[in-house]
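# Structure assessment
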Amino acid sequence: MLTWSTVFETKLELIDNQHKTLFEMVSALTDVAPAERTEQRLDQILDALFDYAQEHFVDEEVLMTHYKLDEQYMRLQHMEHKSFIYDITQMRNRVTDAEGLSVQFDKLARFAASWLVYHTLRVDLMIPKQIALIRRGKTPAEAFAMVKQGGCSPDVSKLVLDAVLHLWDEAMERVHALEGQLEKTKNHTDTARQA
Ligand SMILES: [Fe+2]
Ligand SMILES: [Fe+2]
């Protein structure tokens with residue numbers, strides 16, 4: 001269950017409002033009643049989520065450019081933003097026989113929630129910190145180096161760790177699914193060769 005709290009606040013009004021909406025959109029996946037968990041409903045929710053996420057990512061990247069944040073940091077942000085849509089699309093397309101549609105709703109919601117928690121706390125919260133440091137006279141590179149070294153409270157560390165562990169589990173599951181596909185392809189090729 002993804003719940004908004006003050007730990008996620010960047011204190012940048014536009015960004016915080018958009019993050020809150022993204023949290024709500026991801027939670028909406030788990031709120032769908034079992035009887036309504038259809039392919040169409042899933043695609044409808046994901047399409048809306050992708051549209052809104054794209055809009056948010058663009059706004060965030062425009063804001064970072066406006067404040068002239070470090071280029072390396074902005075590249076990291078851009079890469080992670082692209083991975084959100086890519087990874088969810090890959091998961092959506094990976095339909096396994098054993099996995100029911102209802103389970104897929106929950107899995108996608110858990111993945112998107114973990115990604116949002118990790119990315120907001122670990123990456124987006126660096127935005128206001130870098131803006132403050134640049135205002136105090138640091139160069140963008142110095143500001144990025146300083147925020148990378150900065151720690152966070154035990155509560156935030158725990159949230160980040162739980163989210164990363166879940167993303168890791170999901171990545172492992174994807175690797176295993178790919179291995180399974182490779183094995184099937186290899187068996188097909190061997191059978192074709194022997195025929
Ligand atoms: Fe971001
Ligand atoms: Fe964000």
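This text gives an overview of the structure that appears in the document.

What counts and what doesn't
Residues numbered from 1 in each chain as written. Chains lettered and ligands numbered in written order. Predicted model: local features only at pLDDT ≥ 70, side-chain atom pairs only at ≥ 80, totals over all residues. Helix = DSSP H or I, 4+ residues; strand = E, 2+ residues; numbered from the N terminus. Buried ≥ 20, exposed ≤ 12 C-beta atoms within 10 Å, placed from the backbone. Contact = placed C-beta atoms within 7 Å. Axes fitted to C-alpha atoms, helices over the stretch in contact; angles between N-to-C directions. Parallel < 35°, antiparallel > 145°, perpendicular 65-115°, else oblique. Left-handed = near helix turned anticlockwise from the far one by under 90°. Nonpolar A, V, L, I, M, F, W, Y, C, P; charged D, E, K, R; others polar. Arc of directions from axis to C-beta.

## Re the overall build of the chain
From N to C terminus, the chain includes 7 helices and 0 strands. Mapped in sequence order, the helices and strands of the chain form the string α-α-α-α-α-α-α. Each principal axis of the C-alpha distribution contributes one length, and for the chain these read about 70 × 40 × 30 Å. Here the chain holds 195 residues, and 19% of them are scored as buried. Contacts spanning at least 24 positions in sequence make up 72% of the contacts within the chain whose residues lie at least 6 apart.

## What about the packing of helix 5 (residues 126–135) against helix 6 (residues 140–149)?
Contact pair helix 5 / helix 6: the axes reach a minimum separation of 9 Å and the direction vectors enclose 135°. The angle between helix 5 and helix 6 falls in the class oblique. As for the relative orientation of helix 5 and helix 6, their crossing is right-handed in sense. Facing helix 5, whose interface residues are M126, K129, Q130, L133 and I134, helix 6 presents P140, A143, F144, M146 and V147. Counted by class, the contact of helix 5 with helix 6 contains 8 nonpolar, 1 polar and 1 charged residues.

## Focus: helix 5
For helix 5, the complete set of buried residues consists of M126, I127, Q130 and I131. Along the axis of helix 5, the buried positions cluster into a sector of 135°, meaning they face one direction only. Where helix 5 ends, the next residue or the one after it, G137, has phi of about 105°, a positive value.

## Brief notes about unusual backbone geometry
Of note in the backbone geometry, K11 takes a positive phi value of approximately 70° without being a glycine. Relative to the assigned elements, K11 resides in the segment before helix 1 (13–31). Despite not being glycine, K68 has its phi angle at roughly 50°, a positive value. With respect to the helices and strands, K68 occurs in the loop between helix 2 (39–66) and helix 3 (71–93).

## Re the environment of F111
Tracing the chain through its elements places F111 in helix 4 (residues 101–124). On the basis of neighbour counts, which here come to 22 C-beta atoms within 10 Å, the residue F111 falls in the buried class. The spacing of F111 and A171 is 60 residues in sequence and 10.0 Å in space, taken between C-alpha atoms. Beyond its immediate stretch of four places on either side in the chain, F111 contacts I88, M91 and E170.

By themselves these figures say nothing about function.
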